[in-house]
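Residue-level structure breakdown
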Number of protein chains: 2
Amino acid sequence: MAYQPDFGIEEELGLVEKKLESSLESEVKRLTEIATYSVNSGGKRIRPMVTLLSFKAVGGKDVEKAVDIATAIELIHTGSLIHDDINDGGDLRRGQASAIKKFGLMDALIAGDFLFSKGFEIGGQTTYEIVQVTADACSSLAAGEILQRKFRGDPSLTMDGYLDLAERKTSRLIAAGARAGALVGEGTDEQVKSLGEYGRTLGIAFQIVDDILDVIGDEEKLGKRVGTDIKDGNITLLSIHAMNNGSKSSREELASILRKQEKTEDEIQRSLQIIRESGAPERSLQDASNYAQMAREQVSSFDEEHRDRLLGFVDYILNRVS
Amino acid sequence: MAYQPDFGIEEELGLVEKKLESSLESEVKRLTEIATYSVNSGGKRIRPMVTLLSFKAVGGKDVEKAVDIATAIELIHTGSLIHDDINDGGDLRRGQASAIKKFGLMDALIAGDFLFSKGFEIGGQTTYEIVQVTADACSSLAAGEILQRKFRGDPSLTMDGYLDLAERKTSRLIAAGARAGALVGEGTDEQVKSLGEYGRTLGIAFQIVDDILDVIGDEEKLGKRVGTDIKDGNITLLSIHAMNNGSKSSREELASILRKQEKTEDEIQRSLQIIRESGAPERSLQDASNYAQMAREQVSSFDEEHRDRLLGFVDYILNRVS
């Protein structure tokens with residue numbers, strides 16, 4: 001795994017890795033193989049991290065339960081990534097062949113279901129409130145995926161529409177982790193609420209950074225080509241900014257490329273150029289910073305040690321390069 | 001819905017229908033539409049029925065919880081059917097266009113995930129033991145689906161291999177319903193165990209009857225063509241019996257057809273003829289009867305009223321025509 005700064009959760013993250021591994025044992029070797037491949041394909045463990053940071057911030061004691069819920073959320077997240085790749089026809093995921101490319105659509109689909117089941121099985125050991133938060137985030141994921149498909153290649157998607165999508169597709173499961181961590185740690189109602197909101201705003205910042213990296217990221221560090229969102233027809237915050245701020249002719253050109261089902265490499269490169277020249281990356285980075293700031297404001301009342309870690313995690317999300 | 005005999009659970013089944021409907025509400029209309037279409041496409045509600053029968057047999061009082069778990073299991077079952085259809089490329093499901101045919105693979109896939117999430121959300125309101133039983137049945141479903149694909153078109157599948165598949169793909173979720181119903185109803189350990197085993201053996205009988213109907217069923221009542229299993233390459237109990245008992249030449253002919261990826265209509269009809277002439281339907285019916293008898297033996301110690309209903313339900317499963 002890539003270098004990660006010290007957030008005081010290294011030991012617990014190690015336990016999450018162990019739990020992830022043991023949870024995927026199954027009598028059917030291929031299922032374990034596909035699920036393990038997907039879980040181990042370079043995920044950044046953002047959701048377990050936010051869960052554990054929250055848990056520690058409220059002074060949580062029952063580490064085992066926190067590790068369980070962190071594991072459950074990562075399993076569910078990984079299952080949803082596999083199904084996403086089926087939807088997007090993604091060949092690469094974090095620099096490796098996607099599960100669908102490597103194992104075929106059908107087996108990958110079922111491995112995704114297996115990851116969901118295992119996630120809910122482990123998550124179900126906690127309280128109903130946590131199950132509800134997690135299941136609700138999953139329903140949101142499904143809704144987000146349907147909406148994303150609906151708006152595919154539609155350059156008229158508004159900023160509000162985009163934020164709604166980002167919330168459903170990314171932010172809500174990160175918020176669920178933050179909230180669940182605080183709940184398992186027996187934080188006060190106030191703390192649970194603040195950390196949930198911390199996760200929500202951080203999750204949106206995370207998605208925006210994802211969008212930015214798809215335009216100006218380093219392909220080697222990303223493990224995928226830039227312009228993948230354009231290729232797949234996903235409308236990102238950057239294309240929205242470019243559509244709102246570019247010259248009339250470049251807006252029209254961008255819109256006509258975004259609308260195409262199939263795009264040539266030249267068209268993808270041209271879109272990236274238009275987006276870059278419109279100032280969309282800088283505007284988007286400002287948006288991400290604004291959400292990051294909202295996240296920071298949620299944690300001002302925690303003790304210094306934990307506040308610093310939660311703030312450090314915001315910077316980590318904002319400054320990531322992959 | 002088709003006529004159903006009186007098992008003393010009509011009111012609760014009505015509540016399950018209401019709960020199914022309300023659980024599928026979502027802000028994203030299309031998701032609700034696909035999920036509702038799938039849930040309402042003529043399912044026999046076998047899993048809710050067995051859950052409620054078990055619940056009542058142990059004298060359960062908390063009807064709301066029993067309705068919840070019955071609903072949860074039906075939601076999960078429906079989600080798995082959608083994903084099955086993606087795997088099988090099934091165009092028809094219970095006489096209607098399958099969700100994948102009607103709404104497209106991608107949206108149907110996500111609607112399946114949505115049904116899983118909702119199922120686990122509702123199921124998560126109960127105890128951990130119930131969540132575990134249900135999640136375990138789901139993992140088994142996934143394992144069964146992978147194994148089924150592995151043995152697709154493989155006429156050397158053994159009887160043991162078949163029973164393992166039937167257990168994973170069908171029986172374990174029915175057993176989970178029976179067990180969960182007894183748990184929610186606060187039955188004794190003995191009752192929970194007996195009813196779980198009742199569900200398990202009944203589930204295998206159910207699968208065998210499914211196999212039989214695919215060879216000698218009434219297409220109109222079935223709502224699909226007979227020979228679908230042969231077309232899809234699924235090795236059924238009937239093809240195993242035919243492979244074990246037919247003449248050498250007919251066995252070879254059947255094996256060579258089963259192995260083909262694509263089969264002509266003539267080849268499907270010829271397979272059906274070989275299977276029918278081998279006596280496989282009668283042998284399979286005997287097997288189903290044996291499992292039904294095992295189910296009956298599990299419930300001998302219940303009071304007359306509930307025993308009669310549980311026995312009546314066995315007959316209902318055995319004598320079904322669709």
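Treat the numbers as computed from the prediction; the structure is a model and nothing was measured. Every residue gets a number counted from 1 within its own chain, in the order that chain's sequence is written. Note on labels: chains are lettered from A, ligands numbered from 1, in written order. This being a predicted model, a pLDDT of at least 70 is required before a residue's local features are given, and a value of 80 or more before pairs of side-chain atoms are given or counted; all residues contribute to the totals for chains, interfaces and linings.

Quick look at the overall build of chain A now. Counting its secondary structure elements, chain A contains 16 helices and two strands. Our radius of gyration looks at C-alpha atoms and nothing else; its globule reference is 2.2 Å times the residue count to the power 0.38. Taken against the 2.2 N^0.38 rule, which gives 20 Å for 322 residues, the C-alpha radius of gyration of chain A at 19 Å falls within 12% of a compact globule. Within chain A, the fraction of its 322 residues that count as buried is 56%. Two residues qualify as a contact pair if the distance between their C-beta atoms, derived from the backbone, is within 7 Å. Pairs at least 24 residues apart make up 76% of the contacts formed inside chain A by residues separated by at least 6 positions. Each helix is a run of H or I in the DSSP string that is no shorter than four residues. Each strand is a run of E no shorter than two, and both are numbered from the N terminus. Any residue whose C-beta has 12 or fewer other C-beta atoms within 10 Å is treated as exposed, any with 20 or more as buried, and any in between as partly exposed, C-beta atoms being built from the backbone.

Every contact between the two is made by 34 residues of chain A and, on the other side, 34 residues of chain B. Counting residues per element, the ones that place at least two in the side of chain A that touches chain B are α2 (29–39), α4 (63–88), α6 (105–123) and α7 (128–150) of chain A. When residues in the side of chain A that touches chain B are grouped by element, the largest group, 13 residues, is from α7 of chain A. Here the side of chain A that touches chain B is built from residues that sort into 17 nonpolar, eight polar and nine charged. Three categories are distinguished: nonpolar for Ala, Val, Leu, Ile, Met, Phe, Trp, Tyr, Cys and Pro, charged for Asp, Glu, Lys and Arg, and polar for the others, with Gly belonging to the last.

Residues and elements named next belong to chain B. Tracing the sequence through the fold places A255 in helix α13 (residues 248–259). For A255, a count of 18 C-beta atoms within 10 Å translates into the label partly exposed. Expressed as a C-alpha distance, the spacing of A255 and I174, which sit 81 residues apart in the sequence, is 32 Å. Non-local contacts of A255, meaning those with residues more than four positions away in its chain, are made with P155 and M243.

A few words now on the relation of the copies chain A and chain B. Copies are brought into register by a least-squares superposition over C-alpha atoms of residues with pLDDT of at least 70 in both. Expressed as a screw operation, the relation of chain A to chain B combines 0.0 Å of axial shift with a rotation of 180°, fitting to an RMSD of 0.0 Å. The transformation just described matches what one would write down for a two-fold rotation axis. Ranked by how close their C-alpha atoms come to the rotation axis, the residues of chain A are headed by G124 of chain A, at 3.1 Å. Of the interface residues in chain A, 100% have counterparts in chain B that sit at the interface too, so the contact is made through matching surfaces.

All names here are of chain B. The span you would expect from a helix comes to 1.5 Å times its residue count less one. Spanning twelve residues, helix α3 (residues 46–57) covers 16 Å between terminal C-alpha atoms, matching the ideal 16 Å at 1.5 Å per step. Of all twelve residues making up α3, twelve are buried, and the element is well covered by its neighbours. Residues I46, R47, P48, M49, V50, T51, L52, L53, S54, F55, K56 and A57 constitute the buried set of α3. In this fold, the buried residues of α3 make contact with α1 (10–23), α4 (63–88), α8 (159–184), α9 (189–216) and α16 (304–319). At the exit of α3 stands G59, carrying a positive phi of roughly 75°.

Looking now at the environment of R30 of chain B. One can find R30 of chain B in helix α2 (residues 29–39). Aside from chain neighbours lying at most four places away, what touches R30 of chain B is I146 of chain A together with D107 of chain B.

For helix α7 (residues 128–150) of chain B, which comprises 23 residues, the first-to-last C-alpha distance of 33 Å matches the rise-based estimate of 33 Å (1.5 Å per residue) to within 8%. Across the 23 residues of α7 of chain B, 17 count as buried, placing the element largely inside the fold.

Below, the discussion takes up the nonpolar core. When a protein is soluble and globular, its nonpolar side chains tend to lie buried together. A111 and A205 of chain A together with A111 and A205 of chain B are the most contacted members of the largest nonpolar core, which has 198 residues in total. Ignoring any residue separated from it by four or fewer positions in sequence, one finds A205 of chain A in contact with A288, Y291, A292, A295, I317 and L318 of chain A. In plain words, the nonpolar core is the set of buried Ala, Val, Leu, Ile, Met, Phe, Trp, Tyr and Cys residues that C-beta atoms within 7 Å link up.

Take the environment of G119 of chain A next. Residues and elements named next belong to chain A. Position of G119 relative to the elements: it lies in helix α6. Sequence separation between G119 and T78 is 41 residues, and the spatial gap between their C-alpha atoms is 9.7 Å. Not counting chain neighbours up to four residues away, the residues in contact with G119 comprise A72, L75, I76 and G79.

For the rest of this paragraph, the subject is unusual backbone geometry. Phi angles above zero are rare outside glycine, and E186 of chain A is one such case at about 60°. By secondary structure assignment, the location of E186 of chain A is in the loop between α8 (159–184) and α9 (189–216).

As a further point, take the packing of helix α1 (residues 10–23) of chain A against α4 of chain A. Residue and element names in this part refer to chain A. Here, axes are lines fitted to C-alpha atoms. For helices the fit covers the stretch in contact, and angles between N-to-C directions go from 0 to 180 degrees. One can describe the packing of α1 onto α4 by two numbers: an axis separation of 9 Å at closest approach and a directional angle of 60°. When the interaxial angle is binned, α1 and α4 end up oblique. Note on packing geometry: the crossing formed by α1 with α4 is right-handed. Facing E12, L15, V16, K19, L20 and S23 of α1, the residues of α4 in contact are V63, A66, V67, D68, A70, T71, E74 and L75. Of the residues in the contact of α1 with α4, the class split is eight nonpolar, two polar and four charged. Oblique is the label for any angle not under 35 degrees, not over 145, and not in the 65 to 115 range, which are roughly parallel, roughly antiparallel and roughly perpendicular in turn. We call a crossing left-handed when the near helix sits turned anticlockwise from the far one by less than a right angle, and right-handed when that turn is clockwise.

All names here are of chain A. Residues of chain A with pLDDT of at least 70 account for 98%, and the chain-wide mean is 93. Summarising per-element confidence for chain A, the mean pLDDT is lowest in strand β1 (residues 92–93) (68) and highest in helix α3 (residues 46–57) (98). Two numbers describe this predicted complex: its pTM, 0.92, and its ipTM, 0.89. Across the chain, each position has a pLDDT score giving the predictor's confidence in that residue, from 0 to 100.

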